[in-house]
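Chains, contacts and geometry: an overview
The primary structure of each chain is shown beneath.
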Amino acid sequence: MVRENPHLAEQAIIELIPTPRAAPSKEEVETSGMALCSGIPIYDSGNMIGIIYGGVLLNRSTEIVDTVRETVFQGETYGGRSIGTATIFLKDLRISTNVLTSEGERAIGTRVSKEVRDRVLMEGKRWTGRAFVVSDWYITAYEPIKDIFGKRVGILYTGVLEDKYVDMRRHMLSVYILITIAGMGVAVGIGFFLAHRIADPVRKLIQASKEVARGNLNPDIGPVSKSEIGLLQNTFSEMLNSLKERDIKQRAESEIKLLQSEKQASVGRLAAGVAHEINNPLTGVLTFTHMLLRKKDLDEEIKKDLQTIARETERVRKIVKGLLDFSRQTVLQEEPIDIDELIKSTIALVENQALVKGLELEYTPGKQLPMINGDKNQLQSVLLNIIMNAFDATQSGGKITIKTGLSLSSRKTERKGIELSITDTGCGIPQENLDKLFDPFFTTKEVGQGTGLGLAVSYGIVERHGGTIRVQSEVGKGSTFTIWLPLEEKVEA
């Protein structure tokens, strides 16, 4: 540089200024220079006869870095300082820059941090990030500079002053906080208003629920709201109406059941007394009648009269036996029962009668029914009674269908049991007779064809097994008797 221009040598000399976070260095002065050079060959008749050579020394030069700043950042300033800066490093030394020191001078002679130097100069990678440059924080980017041989000889730097973005961020954060506080205040106010509108109906519903728990099914729930709470109020009102209807229904069922029990109890006591009083004279009448019939010299007309007496006396004995069965309520002989086997054995007893009358008897068993606990003989008598009633009510060509399956109790939904239904295609039962069907001595059969005690006795047997029996019927289409028996042991003698 001295041979070319002594001024260039003086321009290249830069004293190193101690810089925080820079790599340690023993040198105090930099005498090397970085230049942008260009050479163009000169030809004469196709032969190169020389080279035109020129270059610009970058040490202490400001033209390139200032041009970059003006081109990229358009001269924008913030707080009296240029928002953008550019620097050319020779190795890790600033030789051309518009970064200013705290005294307001260009920071020529300061050095880049060791972290940046290692990444850019040693590893040859770009470095970007937030960095403290001389006296201010910048958002920076560093790129390696290579010579014509590909060797990394310096660094090109551009940076944007961070203060502007920090202040913008602080300002936006302040605005956000103010908006948040204002929003919270508005939300609290609206929330208080809405909470009052919502909480008041809810409080009334809670109070109404407590009154319902105490037995009052007509609590005051206040005016119906037009919001979603109104839907809850309407639902609560519908629930109350359902409870009222269920309460009325349960009371009616309880009254009917109580009336039935009282009726059976009173008739049972009467029947027991009457049966015992009648049974002894009947035995005497029947005994003497059979003794008279043994005489061989009887007139034929007298013999017929005696046979009539014996026949009718026997019928009275059957009625008396029915009375005794109704009043006695014998102790249940409990044992595990396979309901499927019980029905099949019962069908075997009546299938010949079905064939004789021309009736179709069909049984559809439930799948894998568990055992129940009860009195096998008494339950079979219930089945026989209902099936025989179905035979009597059904004309030739009709059908009797028996089905079984698992079901929940119609009284308590948590109780599981076996449901058995017997359906016929007979004449049906008039609606006015359904409530009397299980009353003692009630019958729709002709005189002499029934005592009216069979269903009453069956009702008592099923009740003592902890079950229920109900009937559905339609005149001209037939009837269905449904027996429900619990799976758990709930039997009381």
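Here, every reference points to the structure presented above.
Report follows, based on the coordinates.

Section: helix 2 (residues 63–73)
Among the residues making up helix 2, those that are buried are Val 65, Asp 66, Arg 69 and Phe 73. What you see down the axis of helix 2 is that its buried residues fit within an arc of 100 degrees, all on one side. Across from the buried face of helix 2, at angles greater than 90 degrees, the exposed residues are Glu 63 and Thr 71. Each element contacted by the buried residues of helix 2 is listed here: strand 6 (81–82), strand 7 (84–90), strand 8 (93–97) and strand 11 (152–161). Where helix 2 terminates, the next one or two residues include Gln 74, which has phi positive at roughly 55 degrees.

Notes on the packing of aromatic side chains
Following the criterion strictly, the structure yields four aromatic pairs and no others. For the ring pair Phe 132 and Trp 137, a centre distance of 5.3 Å and an interplane angle of 70 degrees mean the geometry is edge-to-face. Look at Trp 137 and you get partly exposed, because its relative accessible area is 31%. Taking the centre distance of 5.1 Å and the plane angle of 40 degrees together, the rings of Tyr 142 and Tyr 157 count as tilted. Taken together, the positions of Tyr 142 in strand 10 (residues 136–146) and Tyr 157 in strand 11 put the pair 15 residues apart, joining distant regions of the chain. Taking NZ or CZ as reference, Arg 130 lies 3.9 Å from the ring centre of Trp 137, over its face.

Things to note about the pairing of strand 7
Within a regular beta strand, the side chains point alternately toward one face of the sheet and then the other, so they alternate between its two faces. Of all seven residues that make up strand 7, seven are buried, and the element is covered over most of its length. Burial along strand 7 is two-sided: Gly 84, Ala 86, Ile 88 and Leu 90 facing one way and Thr 85, Thr 87 and Phe 89 facing the other are all buried. Here strand 7 pairs with strand 11 via seven bridges, running antiparallel. When the sheet's bridge partners are listed, Thr 85 is paired in strand 11 with Gly 159. Taking the residues between adjacent antiparallel strands as the criterion, strand 7 and strand 8 are bridged by two residues, where Lys 91 takes a positive phi near 60 degrees.

Looking at the pattern of salt bridges
Here the structure, examined in full by the defined rule, presents 16 salt bridges. In this structure, Arg 170 engages Asp 167 in a salt bridge whose closest nitrogen and oxygen atoms are separated by 2.7 Å. Here Arg 170 and its partner Asp 167 are both found in helix 4 (residues 162–213), three residues apart, which amounts to about one turn of the helix. Look at Asp 167 and you get partly exposed, because its relative accessible area is 28%. Connected through salt bridges with shared partners, the residues Asp 66, Arg 69, Glu 70 and Arg 106 form a single ionic network.

Here we look at the environment of Asn 373
Within the secondary structure layout, Asn 373 lies in strand 14 (residues 372–375). Taking the C-alpha atoms as reference points, Asn 373 and Pro 486, separated by 113 residues in sequence, lie 8.5 Å from one another. Within the structure, the side chain of Asn 373 is placed 3.2 Å from the side chain of Glu 334, a separation counted as a polar contact.

A short note on the sheet that holds strand 11
Read across the sheet, five strands follow the order 8-7-11-10-9 without closing on themselves; strand pairing throughout is antiparallel. Single-partner strands in this sheet number two, and they are strand 8 and strand 9 (127–133). On average, each strand axis in the sheet is tilted by 35 degrees relative to the strand beside it, whichever way the strands run. Pairing of strand 9 with strand 10 involves seven bridges; the strand directions are antiparallel. Across the sheet, residue Val 133 finds its bridge partner in strand 10, namely Asp 136. Against the sheet, helix 2 makes contact with strand 7, strand 8 and strand 11, and its axis sits at roughly 150 degrees relative to strand 7, the strand it touches most. In the packing of helix 3 (residues 114–122) onto the sheet, contacts are made with strand 9, strand 10 and strand 11, and the angle to strand 11 comes to roughly 130 degrees.

Examining a nonpolar patch on the surface
Nonpolar side chains collect at one region of the surface, where Val 186, Ile 190, Phe 193, Leu 194 and Ile 198 lie side by side and expose about 460 Å² of accessible area between them. The exposure class of Ile 190 is partly exposed, given its relative accessible area of 46%.

Things to note about the packing of helix 7 (residues 339–357) against helix 8 (residues 376–393)
Contact pair helix 7 / helix 8: the axes reach a minimum separation of 10 Å and the direction vectors enclose 25 degrees. Relative to helix 8, helix 7 is oriented roughly parallel. The handedness of the crossing between helix 7 and helix 8 comes out as right-handed. Residue-level contacts link Leu 342, Ile 343, Ser 345, Thr 346, Leu 349, Val 350, Gln 353, Ala 354 and Lys 357 of helix 7 to Lys 376, Leu 379, Gln 380, Leu 383, Leu 384, Ile 387, Met 388, Phe 391 and Asp 392 of helix 8. Looking at the contact of helix 7 with helix 8 residue by residue, the class counts come to 11 nonpolar, four polar and three charged.

Conventions used here
Per chain, the residues get numbers from 1 upward, laid out in the order the sequence is written. Reporting in this predicted model follows two pLDDT cut-offs: at least 70 for local features of residues, and 80 or more for side-chain atom pairs to be given and counted; totals over whole chains, interfaces and linings ignore these cut-offs and use all residues. The side-chain values count all of the structure's non-hydrogen atoms but skip hydrogen atoms and water molecules. Residue burial is assigned from relative accessible area. The probe radius is 1.4 Å, only protein chains are included, and a residue is buried under 20% of its type maximum, exposed over 50%, and partly exposed in between. Here a helix means four or more residues in a row that DSSP labels H or I, a strand means two or more in a row labelled E, and each is numbered from the N terminus. Directions drawn from the helix axis to the C-beta atoms are what define this arc. Only heavy atoms enter the contact rule, under which two residues are in contact if any of them lie within 4.5 Å. Between 30 and 60 degrees the pair is tilted, below 30 it is stacked and above 60 it is edge-to-face, where a pair is any two Phe, Tyr or Trp rings, Trp via its six-membered ring, whose centres lie within 6.5 Å. Cation placement over rings: the criterion is NZ of Lys or CZ of Arg within 6 Å of the ring centroid and within 35° of the ring normal. Should DSSP find at least two bridges between two strands, the strands are regarded as paired. Whenever a carboxyl oxygen of Asp or Glu lies within 4 Å of a side-chain nitrogen of Lys or Arg, that contact is scored as a salt bridge. Identification of polar contacts relies on pairs of N or O atoms within 3.5 Å, with a donor-acceptor requirement for protein atoms, meaning one able to donate a hydrogen and the other able to accept it, and with residues adjacent in sequence counted only if both atoms are side-chain atoms. Angular values range over 0 to 180 degrees, each being the angle between N-to-C directions of two axes fitted as lines to C-alpha atoms, with helices fitted over their stretch in contact. The patches described consist of residues with a relative accessible area above 30% and no salt bridge, like charges being joined within 9 Å and nonpolar side chains (Val, Leu, Ile, Met, Phe, Trp, Tyr) within 5 Å. Here the accessible surface of atoms and residues is derived via Shrake-Rupley with a 1.4 Å probe, and residues count as covered only by protein chains that are part of the display. Our angle categories are set so that under 35 degrees counts as roughly parallel, over 145 as roughly antiparallel, 65 to 115 as roughly perpendicular, and the remainder as oblique. By the definition used in this description, the sense in which the near helix is turned from the far one sets the handedness, with an anticlockwise turn below a right angle giving left-handed and a clockwise turn giving right-handed. Polarity classes work like this: nonpolar for Ala, Val, Leu, Ile, Met, Phe, Trp, Tyr, Cys and Pro, charged for Asp, Glu, Lys and Arg, and polar for all others, with Gly in that last group.

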